[in-house]
Amino acid sequence: SASPVTVTVTGAAGNIGYALLCRIASGQLLGPDVPVRLNLLEIPDAVRAAEGTAMELADSAFPLLDSVTVTDRAERAFDGAGVALLVGARPRGKGMERADLLEANGRIFGPQGRAINDHAADDIRVLVVGNPANTNALIASAHAPDVPAERFTAMTRLDHNRAVSQLAAHTGAAVRDIEGITIWGNHSATQFPDLTHATVTVDGSSRPALELVERAWVDEEFIPRVAKRGAEIIEVRGASSAASAASAAIDHVYDWVNGTQGRRTSAAIVSDGSYGVPEGLISSFPVVSEGGAWQIVPGLEPDESLLPGAGERLATTVAELESERDAVRSLGLL
Ligand code: NDP
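Not measured: the values here are computed from a predicted model.

Each value, and the rule that gives it
- Residues numbered from 1 in each chain as written.
- Predicted model: local features only at pLDDT ≥ 70, side-chain atom pairs only at ≥ 80, totals over all residues.
- Helix = DSSP H or I, 4+ residues; strand = E, 2+ residues; numbered from the N terminus.
- Rg over C-alpha atoms; globule rule 2.2 N^0.38 Å.
- Near = placed C-beta within 6 Å.
- Nonpolar A, V, L, I, M, F, W, Y, C, P; charged D, E, K, R; others polar.
- Domains from an automatic or database assignment.
- UniProt positions renumbered as here; feature names shortened; annotations may be inferred.
- Contact = placed C-beta atoms within 7 Å.
- Axes fitted to C-alpha atoms, helices over the stretch in contact; angles between N-to-C directions.
- Parallel < 35°, antiparallel > 145°, perpendicular 65-115°, else oblique.
- Pairing = 2+ DSSP bridges.
- Buried ≥ 20, exposed ≤ 12 C-beta atoms within 10 Å, placed from the backbone.

### Let's talk about the overall build of the protein chain
- Check the secondary structure of the protein chain and you find 10 helices and 14 strands.
- A compact globule built from 334 residues should have a C-alpha radius of gyration of about 20 Å, and the protein chain, at 19 Å, falls within 12% of that.
- Its C-alpha atoms put the protein chain at 55 × 45 × 40 Å along the principal axes.

### Some points on the site of the ligand
- Taken together, 26 residues surround the ligand, and among them Gly 11, Gly 14, Ile 16, Gly 88 and Ala 89 come closest.
- Looking at the shell around the ligand, the element that brings in the most residues is helix H1 (residues 15–25), giving 3 residues.
- Across the shell around the ligand, the residue classes tally to 13 nonpolar, 11 polar and 2 charged.
- Counting residues domain by domain, the shell around the ligand receives three or more from each of domain 1 (5–154) and domain 2 (157–323).

### Topic: the UniProt feature "domain: Lactate/malate dehydrogenase C-terminal" (unreviewed entry) in the protein chain
- According to UniProt, the positions carrying the feature "domain: Lactate/malate dehydrogenase C-terminal" (unreviewed entry) are residues 156–325.
- The span residues 156–325 carries 41% helix and 21% strand; its end-to-end C-alpha distance comes to 18 Å.

### Notes on the domain arrangement of the protein chain
- The domain architecture assigned to the protein chain consists of domain 1 (5–154) and domain 2 (157–323).
- Using C-alpha coordinates to define each centre, domain 1 is positioned 24 Å away from domain 2.
- Each side of the interface is counted separately: domain 1 has 24 residues, and domain 2 has 24 residues.
- Sorting the residues of the side of domain 1 that touches domain 2 by element identifies H1, strand S4 (81–86), strand S5 (125–128), helix H5 (133–142) and strand S6 (152–154) as the ones contributing at least two each.
- Among the elements that make up the side of domain 1 that touches domain 2, the one with the highest residue count is H1 (5 residues).
- Partitioning the side of domain 1 that touches domain 2 into residue classes produces 16 nonpolar, 5 polar and 3 charged.

### Section: the packing of helix H6 (residues 157–171) against helix H9 (residues 243–258)
- Direction vectors running N to C along H6 and H9 enclose 105°, while the axes themselves pass 8 Å from each other. The angle between H6 and H9 falls in the class roughly perpendicular. Between H6 and H9, the residues in contact are Arg 157, Leu 158 and Asn 161 and Ser 244, Ala 245, Ala 248, Asp 251 and His 252, respectively.

### Some words on the sheet that holds strand S10 (residues 199–202)
- In space, the 3 strands of this open sheet follow the order S7-S10-S11, with antiparallel pairing throughout. The two strands at the open ends of the sheet, each matched to only one other strand, are strand S7 (178–179) and strand S11 (205–208).
- For S10 and S11, the ladder comprises 4 bridges, and the chain directions are antiparallel. Residue Val 202 lies in a different strand from S11, and its bridge partner there is Ser 205.

### Notes on the environment of Asp 146
- In this fold, Asp 146 is placed in the loop between H5 and S6.
- Judged by the 9 C-beta atoms lying within 10 Å of it, Asp 146 falls in the exposed class.
- Between the C-alpha atoms of Asp 146 and Gly 14, which are 132 residues apart in sequence, the distance is 30 Å.

### Concerning the UniProt feature "domain: Lactate/malate dehydrogenase N-terminal" (unreviewed entry) in the protein chain
- The UniProt record marks residues 6–145 with the feature "domain: Lactate/malate dehydrogenase N-terminal" (unreviewed entry), using the residue numbering of this structure.
- What you have in residues 6–145 is 43% helix and 20% strand, and the ends, taken at the C-alpha atoms, are 21 Å apart.

In structure tokens form, the structure reads like this:
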């Protein structure tokens with residue numbers, strides 16, 4: 001059988017962490033025959049709560065779960081890690097400026113990047129969930145010079161899944177009949193969920209999504225709703241989304257490790273300059289996973305002729321990523 005993989009989860013005592021851990025331990029992150037060793041990182045005040053979750057993991061008697069370690073020391077948490085889910089982050093407090101938020105997160109993700117550099121396994125795969133996720137991933141990567149930049153990614157899979165679900169509901173299709181949606185850019189309100197190359201299978205034949213929906217629905221409902229779905233969940237549920245965020249994190253890592261068999265999805269990965277996104281930014285692209293690595297799929301420029309303004313939407317979200325990068329650079333965090 002496969003040898004065990006060490007999976008590190010930061011912010012393990014938080015809401016998303018709670019929704020993630022049983023799924024990882026049950027084999028849904030890496031597959032049904034890969035044993036896992038869970039390392040849970042928390043800040044000192046939350047270590048006890050994480051220990052409580054570790055007790056629940058023990059009580060679940062997962063056959064694939066080899067061990068659980070709870071710690072507040074990054075070097076220990078990332079020791080030998082093959083997968084790292086960076087969930088813990090500093091939330092925006094009242095009256096906090098953007099620079100304060102970026103700086104507070106720089107103090108978290110810089111040292112974690114360094115600990116990954118020095119202690120993780122050679123084939124470490126990092127997914128950043130904690131916001132601002134793209135820029136936190138950039139900071140971590142900058143502090144891990146020995147780890148290839150391709151191994152630091154940020155999560156836009158939840159945005160992708162939300163977009164798939166919205167299109168399916170609106171067209172009356174099943175989720176499995178939707179293909180080719182791309183989330184571009186930043187995991188923020190500027191993200192561009194792009195339907196210009198999406199298809200919906202109707203009665204066995206594949207149709208362009210934009211032939212099945214009204215332009216007004218795309219501009220006025222679909223795009224803003226996907227981008228603001230987090231706020232909608234808070235309003236209805238009375239708390240942040242956690243299960244869906246955890247589910248998207250599982251999807252991202254599972255696909256990264258096991259491949260997507262040609263099926264496209266969205267992930268924020270380091271730019272090679274594709275689509276005019278400056279090299280080195282961690283931006284969401286249309287991707288497939290092959291041989292254990294994400295590949296940007298070429299030839300899918302947002303189609304202006306199908307959706308006027310599509311090119312500008314991509315440019316806007318990329319400009320926001322550049323401005324976040326410039327801000328953390330001027331704070332000395334890169
Ligand atoms: P959550 O577990 O709900 O969220 C964690 C992070 O994920 C936040 O940055 C949140 O961003 C982000 N996020 C990304 N996508 C989503 C989404 N769709 N829905 C909701 N959140 C999303 O936060 P909690 O406050 O419950 O828990 C955070 C934990 O992290 C705490 O236990 C804290 O102690 C810990 N922590 C650990 C650190 C460490 O290990 N070194 C460092 C800092 C904190 P947003 O704020 O924008 O919603």
